[in-house]
Amino acid sequence: MSEKRLIKVGSRKSELALKQTNTVINKLKEYHPDATFEVVTMATTGDKILDAALSKIGEKSLFTRELENALEDKSVDFVVHSLKDLPTNLPKNLVVGCVYKRDNPYDAVVMHPKHKGKTLKDLPDGSVIGTSSLRRQSQISRKFPTFKFENIRGNVNTRLKKLDDDNKYDATILAVAGLDRMGWSHRIDQVLTSDLCMYAVSQGAMGVECRSDDKDTLEMLSVIHDNDTVLQCVAERSFLKTLEGGCSVPVSVITEVRDNQLHIDGGVFSIDGSKHKIVHISKDLCPDPKPSSKKVCRTEDEKTYASVVSNGVSKEEMQHCEDAGYELARLILDSDAGHIIAEAKEEIRLAIIEDNKKKMEEVKNKNNETKAENGSLPTTEKV
């Protein structure tokens with residue numbers, strides 16, 4: 001990489017996205033002090049559509065497509081994502097060039113000020129939880145079946161403001177990592193343990209997406225490619241890809257690398273939480289768990305693992321983890337729990353149809369009201 005090279009970095013406009021992007025940039029500057037980085041911000045589809053739950057929008061690249069377009073036309077050199085937002089299938093010629101060290105992957109409860117200091121078990125029956133995540137809703141419903149769930153969208157700042165200002169919500173659920181990165185750890189009233197809510201695939205990790213043939217960028221990113229986080233996220237993304245899940249299906253994981261083994265639990269849940277299946281698999285990694293001390297940039301024809309390049313992490317270990325994710329998903333799909341996913345997808349499909357009907361009816365009524373006001377519709381007068 002040329003010392004004088006200007007590196008353009010794509011990011012969403014939200015404060016959290018910019019904090020994450022600058023975290024990656026600042027770390028890279030430690031290894032490349034002479035490099036110049038320029039952040040290019042843009043709004044994504046997910047940032048623009050705030051009146052619908054993510055599961056009902058029907059688009060897998062909600063927070064990534066516009067950023068990926070910029071990568072493809074070479075307007076930017078790499079993009080920093082919350083890895084959980086990045087689909088398991090990437091556009092041709094794009095890869096996850098590195099996965100930054102994972103922060104706390106669990107979810108947190110943030111209470112309305114009137115409930116400050118309480119936990120979920122302290123809330124009364126019928127309490128309203130603000131979340132647009134089916135994963136969170138389904139798992140919390142298992143333990144607290146009387147709770148109600150209302151959609152709450154927007155960036156972290158927006159959701160906290162809605163919680164504080166609108167008395168309709170008793171609490172909201174947000175990722176611990178996001179709150180910590182924003183400096184708002186003091187807002188956390190409860191961290192949800194795995195028995196209450198398993199976390200989302202790749203939650204807490206940041207992924208850096210780049211072009212597969214950009215060897216300079218890949219070489220630069222290799223120094224911050226975190227070994228254990230890579231292995232965990234490859235297994236999790238492989239699990240999700242095999243299930244063909246996403247925002248439309250409640251899918252959760254718990255993953256750990258310890259004692260030269262990968263341990264991963266995967267769960268699928270019905271929308272109302274009444275049905276679920278959680279399975280576990282452990283897989284031995286390589287005899288030497290330490291990553292190579294020499295970072296090697298991938299060659300053009302090198303295999304990716306759940307769209308992630310090895311970039312200095314053991315390819316054999318990555319293959320073991322990708323296999324583990326696949327095997328974990330097959331345990332669910334080949335069991336009597338396969339219908340849980342099918343039912344969840346069908347329920348969401350019908351909900352999308354119903355929402356579309358309501359929106360069309362609202363537009364029709366609004367158009368009729370406008371025509372009536374303009375005198376273009378016949379009116380009836382009493383005589």
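Whatever comes next refers back to the structure up there.
What you are looking at is a predicted structure, and each value in this text was computed from that prediction instead of being measured.

### Some thoughts on the packing of helix α8 (residues 227-243) against helix α9 (residues 315-333)
Argument step 1. α9 packs onto α8 with a crossing angle of 35 degrees between their chain directions and a minimal axis gap of 7 Å. The two elements α8 and α9 cross, and the hand of that crossing is right-handed. Contacts between α8 and α9 involve Asn 227, Val 230, Leu 231, Val 234, Ala 235, Ser 238, Phe 239, Thr 242 and Leu 243 from the first element and Glu 317, Met 318, Cys 321, Glu 322, Gly 325, Tyr 326, Leu 328, Ala 329, Arg 330, Ile 332 and Leu 333 from the second.
Argument step 2. Split by residue class, the contact of α8 with α9 holds 13 nonpolar, 4 polar and 3 charged.

### Side note on the environment of Cys 210
Argument step 1. With respect to the helices and strands, Cys 210 occurs in strand β10 (residues 206-211).
Argument step 2. Sequence separation between Cys 210 and Leu 71 is 139 residues, and the spatial gap between their C-alpha atoms is 6.8 Å.
Argument step 3. Excluding anything up to four places from it in sequence, Cys 210 contacts Leu 71, Asp 77, Phe 78, Asn 93, Leu 94, Val 95, Gly 97, Thr 217, Leu 218 and Leu 221.

### With respect to the side chain of Asp 170
Argument step 1. Note that Asp 170 resides in the loop between α5 (156-165) and β8 (171-175).
Argument step 2. Under the relative-accessibility criterion, Asp 170 is labelled buried at 11%.
Argument step 3. A polar atom in the side chain of Asp 170 sits 2.8 Å from the side chain of His 115.
Argument step 4. In this structure Asp 170 touches Met 111, His 112, Lys 114, His 115, Ser 127, Val 128 and Leu 163, once residues within four positions along its chain are discounted.

### Thoughts on the pairing of strand β1 (residues 6-12)
Argument step 1. Of all the 7 residues making up β1, 5 are buried; the element is thus mostly covered by neighbouring parts of the structure.
Argument step 2. Bridge analysis of β1 against strand β2 (residues 36-42) gives 7 bridges, and the strand direction is parallel. Considered in β2, the bridge of Lys 8 is made with Glu 38.
Argument step 3. Here β1 pairs with strand β3 (residues 78-82) via 2 bridges, running parallel. Looking at the pairing, Gly 10 lines up with Val 79 of β3.

### Examining unusual backbone geometry
Argument step 1. Of note, Lys 74 is a non-glycine position whose phi angle comes to about 65 degrees, a positive value.
Argument step 2. Following the sequence through the fold, Lys 74 ends up in the loop between α3 (65-72) and β3.
Argument step 3. Backbone geometry at Ser 202 places phi at a positive 70 degrees, although glycine is not the residue there.
Argument step 4. With respect to the helices and strands, Ser 202 occurs in the loop between β9 (190-191) and β10.

### Here's the deal with helix α4 (residues 134-143)
Argument step 1. Of all 10 residues in α4, 8 are buried, a share of seventy percent or more.
Argument step 2. Taken as a whole, α4 has its buried residues at Leu 134, Arg 135, Arg 136, Gln 137, Ser 138, Gln 139, Ile 140 and Ser 141.
Argument step 3. Between the side-chain oxygen of the N-cap and the backbone nitrogen of Arg 135 there are 3.4 Å, and the N-cap of α4 in question is Ser 133.

### Observations concerning the nonpolar core
Argument step 1. Grouped together as the largest cluster of nonpolar side chains are 46 residues, with contacts concentrated most on Val 99, Val 234, Phe 239, Leu 243, Leu 262, Met 318 and Ile 332.
Argument step 2. Mapped by element, the contributors of at least two residues to this core are β4 (94-100), α8, β11 (251-258), β12 (261-269), β13 (276-284), α9 and α10 (338-373).
Argument step 3. If one sorts the elements of this core by residue count, α8 sits on top with 8 residues.
Argument step 4. Apart from the residues lying within four places of it in its own chain, the contact partners of Val 99 are Leu 83, Ala 205, Met 206, Ile 224, His 225, Asp 226, Thr 229, Val 230, Cys 233 and Val 308.
Argument step 5. Core analysis: the second largest hydrophobic core is formed by 20 residues, Ile 25, Phe 37, Val 80 and Ile 224 among them.

### Quick look at the side chain of Ser 82
Argument step 1. Structurally, Ser 82 can be placed in strand β3.
Argument step 2. Look past the residues within four positions of Ser 82 in its chain and what remains in contact with it is Gln 20 and Ala 205.

### Quick look at the sheet that holds β11
Argument step 1. Pairing is antiparallel across the open sheet formed by 3 strands, whose spatial order is β11-β12-β13. Because the sheet does not close on itself, it has two edges, and the strands there are β11 and β13. This sheet shows a mean twist of 10 degrees between the axes of neighbouring strands, independent of strand direction.
Argument step 2. With 9 bridges connecting them, β12 and β13 associate as antiparallel partners. In the strand pairing of β13, Gly 266 is matched with Val 279.

### Overview of the pattern of salt bridges
Argument step 1. All told, the structure shown has 21 salt bridges when counted by the stated rule.
Argument step 2. Between Glu 236 and Arg 102 there is a salt bridge, and its shortest N-O distance comes to 2.9 Å. Of this pair, Glu 236 sits in helix α8 while Arg 102 is found in the loop between β4 and β5 (107-111), placing the two residues 134 residues apart along the sequence. As far as burial versus exposure is concerned, Glu 236 and Arg 102 are alike and both buried.
Argument step 3. With its nearest N and O atoms 2.7 Å apart, the salt bridge here joins Arg 258 to Glu 256.
Argument step 4. On the accessibility criterion, Arg 258 (37% relative accessible area) is partly exposed.
Argument step 5. By sharing partners, the salt bridges in this structure join Arg 5, Asp 77, Arg 211 and Asp 214 into a single network.

Conventions adopted
Residues numbered from 1 in each chain as written. Predicted model: local features only at pLDDT ≥ 70, side-chain atom pairs only at ≥ 80, totals over all residues. Heavy atoms only, no water. Axes fitted to C-alpha atoms, helices over the stretch in contact; angles between N-to-C directions. Helix = DSSP H or I, 4+ residues; strand = E, 2+ residues; numbered from the N terminus. Left-handed = near helix turned anticlockwise from the far one by under 90°. Contact = heavy atoms within 4.5 Å. Nonpolar A, V, L, I, M, F, W, Y, C, P; charged D, E, K, R; others polar. Buried < 20%, exposed > 50% of the residue type's maximum accessible area, 1.4 Å probe, protein only. Polar contact = N/O pair within 3.5 Å; in protein donor to acceptor, adjacent residues only side chain to side chain. Pairing = 2+ DSSP bridges. Core = buried A, V, L, I, M, F, W, Y, C linked by side-chain atoms within 4.5 Å. Salt bridge = Lys/Arg side-chain N within 4 Å of Asp/Glu carboxyl O.

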